[in-house]
Amino acid sequence: FGSENLVFYGNEDQKQEYLPPLVLGEKISAGAYTEPDAGTDVAGVRTRAVRQGDEYVINGNKMFITNGTTCDWMVALCVTDPDAEKRHQRQSLIIVEADRKGVTRSKITGKMGIRASDTGEISFEDVRVPVDHLVGEEGRGFYQLMHFFDTTRTMVAAQGVGVAQGALDKTVQYVQERKVFGKPLAVNQGIQFQLAEMATRIELARTITYKAAWKVDQGRIDPSLNAMCKYYAGETAVWVCDKALQLHGGYGYIDEYDVQRFYRDAKILEIYEGAKEAEKITISRRLF
Ligand SMILES: Cc1cc2nc3c(=O)[nH]c(=O)nc-3n(C[C@H](O)[C@H](O)[C@H](O)COP(=O)(O)OP(=O)(O)OC[C@H]3O[C@@H](n4cnc5c(N)ncnc54)[C@H](O)[C@@H]3O)c2cc1C
């Protein structure tokens, strides 16, 4: 995660140095954008990178960073020109190795779901990195990040399709095994209709996700379509998992059955990589 920034905007030296170890599974990366007071309004970040000679000196705090405590390096969104006239031209993306002096990391515990995924809080205190750690152009960090989200949102949408499909598969199996009033739950048309609705929404989420991903692959990125697929697939996952748990009855509520994990894992899809409201902002802006 975060490495796409280098794929899109890194120079050849950065790509050669940082990407192969990721692909080999030797190193882990992260994308550090969100701050305690700047999430949806990502241009509101305050982490400051001040140029001093051949280095940037970075100070600030990052919040909710996936791979935050396990990453070897991260791409951090920092303010490099606080006086730029437009607030979207104040930021830059900068590579920061996690073992640099002044980087402190702590694990965020107590997450509702995706507990196998590390989430951390990171603070930078007079962290010095060479200026060649700048990714892309100074002052273009916000725009580069929007391009990043325009591709990674399809990946989160795919997560939504997978979680929803998994929950449906488990439920189809369960309702055939579970007997109520002396017969399998599955023979009730009321149950079958619910499964049909779940399957239909999943198919729609899958189709729009494939379409968006195909456009990304073709280099014809469609921000609105990417926002649609992420918002729709995330919401579908939450909706389907709720139905799936309900159809499992009391057994769905205990951790012996996987469906409660699907339910807990689904919710984040409506929040990270831009909450679904942020995606609706992207979609609606293009309607006018
Ligand atoms: C497990 C986890 C992993 C994460 N991983 C990363 C990561 O790797 N890197 C990273 O940088 N960030 C990461 N995040 C942060 C995530 O992207 C943010 O939480 C998200 O963007 C929302 O920001 P916020 O929490 O500050 O909510 P806020 O911006 O405070 O928003 C609160 C709510 O209000 C809504 N809202 C905000 N503005 C508007 C508006 N104008 N109109 C209507 N509704 C609005 C939002 O949609 C949201 O529902 C992660 C978060 C979690 C929980």
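Every chain's residues receive numbers from 1 upward, in the order its sequence appears when written. The predicted origin of the model limits local features to residues at a pLDDT of at least 70 and limits the giving and counting of side-chain atom pairs to 80 or more, whereas totals for whole chains, interfaces and linings rest on all residues. As a rule here, side-chain values come from all non-hydrogen atoms in the structure, and water together with hydrogens is ignored.

### Thoughts on the site of the ligand
Contacts to the ligand come from 19 residues, most closely from T34, T40, F64, T66 and E277. Contacts to the ligand include T34, whose side-chain N or O atom sits 2.7 Å from a nitrogen atom. Any pair of N or O atoms that falls within 3.5 Å is considered a polar contact. Within protein, one atom must be able to donate a hydrogen and the other to accept it, and sequence-neighbouring residues count only if both atoms are side-chain atoms. Here F64 contributes a backbone N or O atom positioned 2.8 Å from a nitrogen atom of the ligand. Per-residue and other accessible areas were derived by the Shrake-Rupley procedure at a 1.4 Å probe size, with only the shown protein chains allowed to occlude residues. Out of a free accessible area of 960 Å², the ligand has 64% covered by protein chains. The helix and strand labels rest on DSSP assignments: H or I over at least four residues marks a helix, E over at least two residues marks a strand, and numbering proceeds from the N terminus. Counting residues per element, the ones that place at least two in the shell around the ligand are β3 (55-66) and α7 (276-285). For the shell around the ligand, the element with the most residues is β3, which contributes three residues. The residue makeup of the shell around the ligand includes at least three contributed by each of domain 1 (4-137) and domain 2 (144-285). Residues are classed as near a molecule or strand on a simple rule: at least one heavy atom within 4 Å of it. An automatic or database domain assignment supplies the residue ranges for each domain.

### What to know about the environment of V216
Relative to the elements of secondary structure, V216 occurs in helix α4 (residues 189-217). For the pair V216 and D150, spaced 66 residues apart in the sequence, the C-alpha separation amounts to 8.4 Å. Excluding its chain neighbours within four sequence positions, the residues that come into contact with V216 are D150, T151, T154, I221 and N226. Two residues qualify as a contact provided that any one of their heavy atoms is within 4.5 Å of a heavy atom in the partner residue.

### Observations concerning the nonpolar core
Only buried residues count toward a nonpolar core. Its members are Ala, Val, Leu, Ile, Met, Phe, Trp, Tyr and Cys residues joined through side-chain atoms within 4.5 Å. Accessible area is worked out with a 1.4 Å probe on protein chains only. A residue is then buried under 20% of its type maximum, exposed over 50%, and partly exposed in between. V163, V175, L195 and M198 are the most contacted members of the largest nonpolar core, which totals 30 residues. Every element with two or more residues in this core is listed here: α3 (141-177), α4, α5 (223-247) and α6 (259-266). The residues touching M198, leaving out its near neighbours within four places in the chain, are L168, T171, W239, V240, K243, A244 and L247.

### A word on the pattern of salt bridges
By definition here, a salt bridge exists when the distance from a side-chain nitrogen of Lys or Arg to a carboxyl oxygen of Asp or Glu is within 4 Å. In total, this model carries 14 salt bridges according to the counting rule given. Between K62 and E35 there is a salt bridge, and its shortest N-O distance comes to 2.8 Å. Of this pair, K62 sits in strand β3 while E35 is found in the loop between β1 (29-32) and β2 (48-52), placing the two residues 27 residues apart along the sequence. For the pair formed by K62 and E35, the shared burial category is buried. With a closest N to O distance of 3.6 Å, K215 and D222 form a salt bridge.

### Topic: the side chain of D150
Along the polypeptide, D150 turns up in helix α3. Positive charge is attributed to Lys and Arg, negative charge to Asp and Glu, and no charge count is given to His or to the chain ends. For the buried D150, no salt bridge is present, and the opposite-charge side chain at shortest range is R153, 4.7 Å distant. Look past the residues within four positions of D150 in its chain and what remains in contact with it is V216, I221, P223 and N226.

### Concerning the side chain of K62
Overall, K62 belongs to the buried group, its relative accessible area being 0%. Among the polar contacts listed, one links the side chain of K62 to the side chain of E35, at a separation of 2.8 Å. Once you skip the residues sitting within four places of it in the chain, K62 turns out to touch A32, Y33, T34, E35, V45, T47, L77, G120, E121, I122 and F124.

### Some details on α5
Here the expected length of a helix is defined as 1.5 Å per residue gap, with one fewer gap than residues. Helix length check: α5 (25 residues) gives 36 Å between terminal C-alpha atoms against 36 Å at 1.5 Å per residue, within 8%. Phi turns positive, to about 60°, at G249, one or two residues after α5.

### Digging into the domain arrangement of the chain
In terms of domains, the chain is made up of domain 1 (4-137) and domain 2 (144-285). At the interface, 16 residues of domain 1 touch 15 residues of domain 2. Taking both partners together, domain 1 and domain 2 bury about 1400 Å²; carbon and sulfur atoms supply 69% of that area. Counting the contacts that link domain 1 with domain 2 gives zero salt bridges. Our count for the contact surface shared by domain 1 and domain 2 stands at five residue pairs in polar contact (both at pLDDT 80 or more). The quantity reported as buried area is the accessible area (1.4 Å probe) lost by two parts once they are put together, taken as the sum for both.

### Regarding helix α2 (residues 12-23)
The first and last C-alpha atoms of α2 sit 16 Å apart over 12 residues, in line with the 16 Å expected at 1.5 Å per residue. For α2, the full list of buried residues reads Q14, Y18, L19, P21 and L22. Axial view of α2: buried residues confined to an arc of 165°, hence all on one face. Exposed positions of α2 whose direction lies more than 90 degrees from the buried face are E12, D13, Q16 and V23. The secondary structure elements touched by the buried residues of α2 are α1 (4-9), β1, β4 (73-79), β5 (91-97) and β8 (134-135). Once α2 finishes, G25 follows within two positions and takes phi at roughly 80°, a positive value. Along the arc lie the directions from the helix axis toward the C-beta atoms.

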